[in-house]
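# Architecture and fold: a report
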2 protein chains.
Amino acid sequence: MTSAQPYLRVIDDIEASIMSGALTVGDRLESERALAERLGVSRSSVREAIRTLSTLGVVRSSVGSGPQAGAILISDVELGWTSALRLHVAMRSLPVGDIVRTRVMLEAGAYRDVHQPVPRERLAAAHDLIDVMDASQGPQSFHHADLAFHLELVKLSGNTVAAMLLSSLRAAIEGYVAASFDSRDDWGDVAVTLQCEHRELVAALEAGDGERAAGAAARHILGFARGAALL
Amino acid sequence: MTSAQPYLRVIDDIEASIMSGALTVGDRLESERALAERLGVSRSSVREAIRTLSTLGVVRSSVGSGPQAGAILISDVELGWTSALRLHVAMRSLPVGDIVRTRVMLEAGAYRDVHQPVPRERLAAAHDLIDVMDASQGPQSFHHADLAFHLELVKLSGNTVAAMLLSSLRAAIEGYVAASFDSRDDWGDVAVTLQCEHRELVAALEAGDGERAAGAAARHILGFARGAALL
DNA sequence: GGGCGCCTGTGGTCGGACCACACGGTAGTG
DNA sequence: CACTACCGTGTGGTCCGACCACAGGCGCCC
């Protein structure tokens, strides 16, 4: 009574090994041929299973021989989330506005957990990114640094899930944001406003006023999104 | 110069059709054999691509013939998110505590957007679920209704992304929550406390006090999580 | 002892084959 | 004429065997 679909049996087997702790990040899976023989399924089914785990960011496959070859357990959460988000946004089943609003919830929520002044050295990377944005010559480079800036601040909260999620949400709508950035002829003025808000955000965190930072972040993101017609 | 991996070419082709609007939810994909021939790849590669899209919740495959058979475009966001989350939590790369904290951010954020009293009829389902929890005979049925209750309230905010995300986050740690629910011999007392907090939450929303609801939700979730040693 | 080349095992791809299934038209039946 | 039973057809699901490119490790040769 092994009625389940073969490729699901493979996934279940690997998942069970992960759950039991027999497999952890960095370990190598059995070879596709060995897995197929042990589980009594065809190699095609094993491949579909591994391909699935690969798109979920659980496995990385490499050809060749030696310790680095074969299927290796990784843990790249963003990989799966981002591709899933991108596709569903394309199908219009996830409104861009809702993604922006969700991003505000996550980011503001992360800042709201801050109750102690954040030491300056932990904000060094954020300050550097502000400088990078000041020196940026066009929307693309500014946007790129802006992405890293916000991610850096959320990482300070120590919530890995929120950070991953934020990164995926932004990646999914990156195309829309970049498009509206490029289409505005006043991007220089926009950049000045955004930078002012970035500095206010950092100042609030340095002061340990998470609530103020949360409010600033919400205004910052929603204000830009309105201007970009993303809401 | 079609150097890309064959299965990626298939995904790109389908994704392009979605982006351009040529394919929308409910449409049927070409048959695997037709797709393979048109793109000049083997059917195995097409299958890996479709299996990937299937795990991302973009496609549903059925055997047989007729309009309902074949690969049909759907949009089940939770499917991909939930399986990805579950696996990464199992690999210990996503701490359960961070998932709980992220859930608080989403739920509190959704309530915080409420500024008008919520009409009683829109809360009817929530009231019904409170009754269900009152009448529940054990942890499992209570937990099940609790899940639906919180999801129902977040859906009131109209943010589909937040609702999907909440649902996925809870599904990913459902096992841990259920386990700690079962292991407590005082689940009756816990239920009473939780129900009291549920009523306070609904009352705050009925009063249109989103801020109060957000605070109540945060205390409610974090309080239970602490008791269940999930933080 | 050091450098070079073969040998092995890996994932990646392909083609063909068979199966179970569900639909749709068709032939047979009342 | 209406209804039913049947079979043909196209679908995804699975399996098998084959070949390829690649990377590492081994042993041979210099």
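Residues numbered from 1 in each chain as written. Chains lettered and ligands numbered in written order. Predicted model: local features only at pLDDT ≥ 70, side-chain atom pairs only at ≥ 80, totals over all residues. Heavy atoms only, no water.

### A closer look at the domain arrangement of chain A
Condition: Domain delimitation in this document rests on an assignment produced automatically or drawn from a domain database.
Taken domain by domain, chain A consists of domain 1 (6–73) and domain 2 (78–227). The centre of domain 1 of chain A, based on its C-alpha atoms, is set 36 Å off from the matching centre of domain 2 of chain A.

### Some thoughts on the interface of chain B and chain A
Note the threshold: We call two residues contacting when some pair of their heavy atoms lies within 4.5 Å. The term buried area refers to how much accessible surface (probe radius 1.4 Å) is lost by two components on association, counted for both of them together. Definition used for salt bridges: Asp or Glu carboxyl oxygen within 4 Å of a side-chain nitrogen of Lys or Arg. Numbered from the N terminus, helices here are DSSP runs of H or I no shorter than four residues, and strands are runs of E no shorter than two. Just so you know the grouping, Ala, Val, Leu, Ile, Met, Phe, Trp, Tyr, Cys and Pro go in nonpolar, Asp, Glu, Lys and Arg go in charged, and all remaining residues, Gly too, go in polar.
Tallying the contact residues gives 50 residues for chain B and 50 residues for chain A. Here chain B packs against chain A, burying approximately 4500 Å² in sum over the two surfaces, 66% of which is carbon and sulfur. Summed over the three residues of chain B that lose the most area to chain A, namely Arg51, Met91 and Met105 of chain B, the buried surface amounts to 15% of that side. Run the count over chain B and chain A and you get six salt bridges. Put simply, glutamate 48 of chain B and arginine 51 of chain A hold a salt bridge, and the shortest N to O gap is 2.6 Å. Of all the elements in the fold, those that place two or more residues in the side of chain B that touches chain A are helix H1 (6–19), helix H3 (43–55), helix H4 (77–90), helix H5 (96–112) and helix H8 (160–172) of chain B. In terms of residue count, H4 of chain B provides more of the side of chain B that touches chain A than any other element does, 10 residues in total. A per-class count over the side of chain B that touches chain A returns 26 nonpolar, 14 polar and 10 charged.

### Some points on the confidence of the model for chain A
Threshold: Values of pLDDT, which run from 0 to 100, indicate the predictor's confidence residue by residue.
Confidence in the prediction of chain A, expressed as mean pLDDT, is 93, and 99% of residues score 70 or more. Mean pLDDT across the elements of chain A bottoms out in helix H9 (residues 174–183) of chain A (84) and peaks in helix H3 (residues 43–55) of chain A (97).

### Considering the pattern of salt bridges
Residues and elements named next belong to chain A. In plain terms, the rule: For every residue, the accessible area obtained with a 1.4 Å probe (protein chains only) is divided by the maximum for its type, and the residue is called buried under 20%, exposed over 50%, and partly exposed between those limits.
The tally for this structure, following the rule as stated, stands at 29 salt bridges over all chains. Between aspartate 134 and arginine 199 there is a salt bridge, with its nearest N and O atoms 2.5 Å apart. Of the two residues, aspartate 134 sits in helix H6 (residues 124–135) while arginine 199 sits in helix H10 (residues 187–206), which places them 65 residues apart along the sequence. On the accessibility criterion, aspartate 134 (44% relative accessible area) is partly exposed.

### Quick look at the protein's contact with DNA strand D
Formally: Any residue with a heavy atom positioned within 4 Å of a molecule or strand is treated as near that molecule or strand. Polar contact criterion, stated in full: a pair of N or O atoms within 3.5 Å, where within protein one must be able to donate a hydrogen and the other to accept it, and residues adjacent in sequence count only if both atoms are side-chain atoms.
The local shell around DNA strand D holds 27 residues, among which Pro6 and Ser45 of chain A together with Arg43, Arg47 and Gly64 of chain B are the closest. Counting only atoms of DNA strand D within 4 Å of the protein, the sugar-phosphate share comes to 62%. One of the side-chain N or O atoms of serine 44 of chain A is found 3.4 Å from a base nitrogen in DNA strand D. The side chain of arginine 51 of chain B places a nitrogen or oxygen atom 3.3 Å from a phosphate oxygen of DNA strand D. For the surface near DNA strand D, the elements supplying multiple residues, two or more each, are H3 of chain A together with helix H2 (32–39), H3, strand S1 (59–62) and strand S2 (70–73) of chain B. A breakdown of the residues in the surface near DNA strand D according to their chemical character gives five nonpolar, 14 polar and eight charged.

### Comments concerning the side chain of threonine 82 of chain B
Mapped onto the elements, threonine 82 of chain B comes out in helix H4. Here threonine 82 of chain B is in contact with Ser168 and Ala171 of chain B, once residues within four sequence places are set aside.

### With respect to the protein's contact with DNA strand C
Not every one of the 26 residues close to DNA strand C is listed here, only the nearest: Arg43 and Arg47 of chain A together with Pro6, Ser42 and Ser45 of chain B. Near the protein, within 4 Å, the atoms of DNA strand C are sugar or phosphate in 60% of cases. At 3.0 Å from a base nitrogen of DNA strand C is found a side-chain nitrogen or oxygen belonging to arginine 33 of chain A. Note that a base nitrogen of DNA strand C is positioned 2.8 Å from one of the side-chain N or O atoms of arginine 43 of chain A. Looking at the surface near DNA strand C, the elements with two or more residues in it are helix H2 (32–39), H3, strand S1 (59–62) and strand S2 (70–73) of chain A together with H3 of chain B.

### Re unusual backbone geometry
All names here are of chain A. If you check the backbone angles, alanine 229 has positive phi at about 60° while not being a glycine. Tracing the backbone shows alanine 229 in the segment after helix H11 (210–227). Overall, alanine 229 belongs to the exposed group, its relative accessible area being 63%.

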